[in-house]
Amino acid sequence: MLASTDTMKSDDLLAKIRPQEVELTTLDLAQFGITADGIYIYKNPHPDGGEFMSLDLVRRSFLQLVVDHYPLVVGRPTVNGQGQAVVDIDPANLCLPDIAEIQVAHPASTFMATRPSTGNGDAVKFFDIRRFYRDSGVARLPRATYHKDHSAAIIRVLRFKDSEYVALAYSLPHVLFDGSGALIFLNHWAEYARHYNETGRLDCQLAQPPVNSRAAMQEYFDGIEPVDPPFIRHFRDNLPPLGIEFPADIAPVLIASPDTPICEEQHLMHFSPANMERLRQDVDKSQTVVMAVTALCAQAMMRANSQVYGALPQLSYVVVAYDGRPRASVPANFTGNISCTTIAPLPGSVAVEMSYGELAKMIKKYSSMVDSEYTKSVMRTIETNLGLLYGASFTLCNSPQTSYLGLSALRYMPFHALDFGFGGPEILSFDYYVKEGMARMYPNYQDGGIDLIFNYPDANFEYLRQDADLAKYADFIF
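Let me begin by describing the structure that accompanies this report.

About the thresholds
- Residues numbered from 1 in each chain as written.
- Predicted model: local features only at pLDDT ≥ 70, side-chain atom pairs only at ≥ 80, totals over all residues.
- Heavy atoms only, no water.
- Helix = DSSP H or I, 4+ residues; strand = E, 2+ residues; numbered from the N terminus.
- Expected span 1.5 Å × (residues − 1).
- Buried < 20%, exposed > 50% of the residue type's maximum accessible area, 1.4 Å probe, protein only.
- Phe/Tyr/Trp six-rings, centres within 6.5 Å; stacked < 30°, edge-to-face > 60°.
- Lys NZ or Arg CZ within 6 Å of the ring centre and 35° of its normal.
- Core = buried A, V, L, I, M, F, W, Y, C linked by side-chain atoms within 4.5 Å.
- Polar contact = N/O pair within 3.5 Å; in protein donor to acceptor, adjacent residues only side chain to side chain.
- Pairing = 2+ DSSP bridges.
- 1 Å grid on protein atoms, 1.4 Å probe; cavity = no way out; pocket = protein on both sides within 12 Å on 5 of 7 lines; lining within 4 Å.
- Points joined across faces, edges and corners; volume = space filled by probe spheres on them.
- Nonpolar A, V, L, I, M, F, W, Y, C, P; charged D, E, K, R; others polar.
- Salt bridge = Lys/Arg side-chain N within 4 Å of Asp/Glu carboxyl O.
- Axes fitted to C-alpha atoms, helices over the stretch in contact; angles between N-to-C directions.
- Parallel < 35°, antiparallel > 145°, perpendicular 65-115°, else oblique.
- Left-handed = near helix turned anticlockwise from the far one by under 90°.
- Contact = heavy atoms within 4.5 Å.

**Considering helix H10 (residues 289-309)**
In this model H10 runs 30 Å from its N-terminal to its C-terminal C-alpha over 21 residues, within 8% of the 30 Å that 1.5 Å per residue would give. Burial analysis of H10 places 17 of its 21 residues in the buried class, the great majority of the element. Remark: Gly310 follows H10 within two positions and exhibits a positive phi of approximately 80 degrees.

Shown next as structure tokens:
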């Protein structure tokens, strides 16, 4: 299956990297053990012949980009002699990328679910990751990690039997990039690949180079005073003591965080453009589609959990990720972790009886608090009360007492710009999540709708399928 890797051929390009350190921030440290990954599926313009997404193109453009702009990708996290958490980039001890291609002995259509288009186009296709792992012969796509003799940057090119599609899968440590930062990196990689594809040279000049140094972010937040957000007060007032003493220096603790186990019960719902707009109008036409979908799914999960556990959850936690860049004076091309989450702790008995419009407004109320003071307070809590956040992480789950939906709304992220010289991806997919209850909202470029990919136990998901309100707007793909 595994055709070739590049780890033995990287030295020639990576030899140009100079020794350096990149200091990590509190928000970087909080992401240890979590990966940023995705699977992007490209339509082959030359299925009957011709080179498409060659391993040489993928490998050389990636490595040259790392040398020129992203050496931290091949560094190793540590605490330096000054007690700072850093990524140490030592040319004699690089964490080499693992870039390979996999020949899949089946056509891509084997792993596709299809639905009729609501417009005049072709059928809408969806990549079923569970079917892929079940039927392709590919046991698992590897995950980036710092804890094994393994790479912290993993790329796989998936070549299917019929050559109709080629998939590009990646896995990177979340500690290096948040979601927006990872997409900045990927778009820069695509820019290098296009230049190499057009010229045969690797001397690409990026239109907007990245800012990897955390100095600008640190300086900005040094001047911000924290507040006391409602979700922190909620957990401080309601969680029992964890019973674990954490040291004042959190860097060694977080760097040693184990890799978070993955959850393999992934599901996909699709909202067509017509159903998206109908939902927004039915919920509250002043709300965004994102808020309307969030309210609908949060309440549907409360109803599903009440059937699974035989009682209505006492609390519903709705967690929405946000990008801190527009709210802070940091460069737009800053690649580190500046994203954060807002948490709405809602009484189950109240939230389940609300109209979707009322619930959307309540979730939006919490989401509107995400200014820089809010982000600073999260950073301060990580630094001074790590036990509180560990306790909260155990509470954010679907259980007899709680309902949990954690949403990353990526509808407007520029995935279409990931053009390696052959056009952008046609289908967006994602490997398994690390936490049950988490979801990602992707744009669907085929019909203009949205795809909601999330992890929820299979048995519980059957109750979601039966939810009459959800079924009015969502098409359950798998």
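There is more to say after this.
**Let's talk about the packing of aromatic side chains**
The final tally for this structure, using the stated rule, is 26 aromatic pairs. Here Phe127 and Phe132 contribute two aromatic rings whose centre-to-centre distance is 5.5 Å and whose plane-to-plane angle is 45 degrees, an arrangement assigned as tilted. Its relative accessible area of 4% is what places Phe127 among the buried residues. Using a relative accessible area of 0% as the deciding quantity, one classes Phe132 as buried. Here Lys435 stacks its cationic end above the ring of Tyr404, 5.4 Å away from the centre of that ring.

**Some thoughts on the nonpolar core**
Counting 98 residues, the largest nonpolar core has Phe62, Val73, Phe185, Trp189 and Phe415 as the members making the most contacts within it. Here the element with the most residues in this core is helix H5 (residues 179-199); it accounts for 10 residues. If you look at the next biggest cluster of nonpolar residues, it comprises 44 residues, including Ala295, Ala304, Val320 and Tyr356.

**Concerning the side chain of Ser136**
Mapped onto the secondary structure, Ser136 falls in the loop between helix H4 (129-135) and strand E9 (154-159). From its side chain, Ser136 meets the backbone oxygen of Phe132 in a polar contact 2.6 Å long. A polar side-chain atom of Ser136 sits 3.0 Å from the main-chain amide nitrogen of Val138.

**Section: the sheet that holds strand E13 (residues 340-347)**
A sheet is described by the order of its strands in space; here 7 strands give the open sequence E13-E12-E14-E16-E17-E11-E18, paired in mixed fashion. Both outer strands of the open sheet, E13 and strand E18 (475-476), are each paired with one neighbouring strand and no more. Judged from the 6 bridges that link them, strand E12 (residues 315-322) and strand E14 (residues 402-409) form a sheet pairing that is parallel. For Leu315, the partnering residue across the bridge sits in E14 and is Thr402.

**Considerations on the layout of surface pockets**
The computed volume of the second largest pocket comes to approximately 290 Å³. Together, 16 residues line the second largest pocket, and Leu24, Thr25, Thr26, Leu29 and Glu383 are the ones closest to its centre. Of all the secondary-structure elements, those providing two or more residues to the lining of the second largest pocket are helix H2 (26-29), helix H6 (215-222) and helix H13 (372-384). When the residues that make up the lining of the second largest pocket are grouped by side-chain class, the tally is 8 nonpolar, 3 polar and 5 charged.

**Brief notes about the pattern of salt bridges**
Across all of its chains, the model carries 20 salt bridges by this definition. In this structure, Lys361 engages Asp284 in a salt bridge whose closest nitrogen and oxygen atoms are separated by 3.8 Å. Placement of the pair is Lys361 in helix H12 (residues 356-367) and Asp284 in the loop between helix H9 (273-283) and H10, with a sequence separation of 77 residues. Overall, the relative accessible area of 15% leaves Asp284 in the buried class. Salt-bridge contacts for Asp323 lead to Arg325; the nearest nitrogen and oxygen are separated by 2.8 Å. Overall, the relative accessible area of 22% leaves Asp323 in the partly exposed class. The exposure class assigned to Arg325 is buried, which follows from its relative accessible area of 9%. Residues joined by salt bridges that share partners form a network here, namely Lys43, Lys125 and Glu164.

**Details of empty space enclosed by the protein**
Per the counting criterion, the structure on display carries 4 cavities of 30 Å³ or more. Estimates place the volume of the largest cavity at around 80 Å³. The wall of the largest cavity is formed by 14 residues, among which Gly33, Ile34, Tyr146, Pro173 and Asp259 lie closest to the centre. When grouped by side-chain class, the residues that make up the lining of the largest cavity number 6 nonpolar, 7 polar and 1 charged. Size it by volume and the second largest cavity reaches roughly 70 Å³.

**Some thoughts on the packing of H10 against helix H15 (residues 458-465)**
Where H10 contacts H15, the two axes come as close as 9 Å, and the packing angle between them is 125 degrees. The angle between H10 and H15 falls in the class oblique. Pair H10 / H15 crosses with right-handed handedness. Taking contact as the criterion, the partners of Ala300, Met301, Ala304, Asn305, Gln307, Val308 and Tyr309 in H10 are, on H15, Asn460, Tyr463 and Leu464. The residue inventory of the contact of H10 with H15, partitioned by class, reads 7 nonpolar, 3 polar and no charged.

The analysis is restricted to geometry; functional conclusions fall outside its scope.
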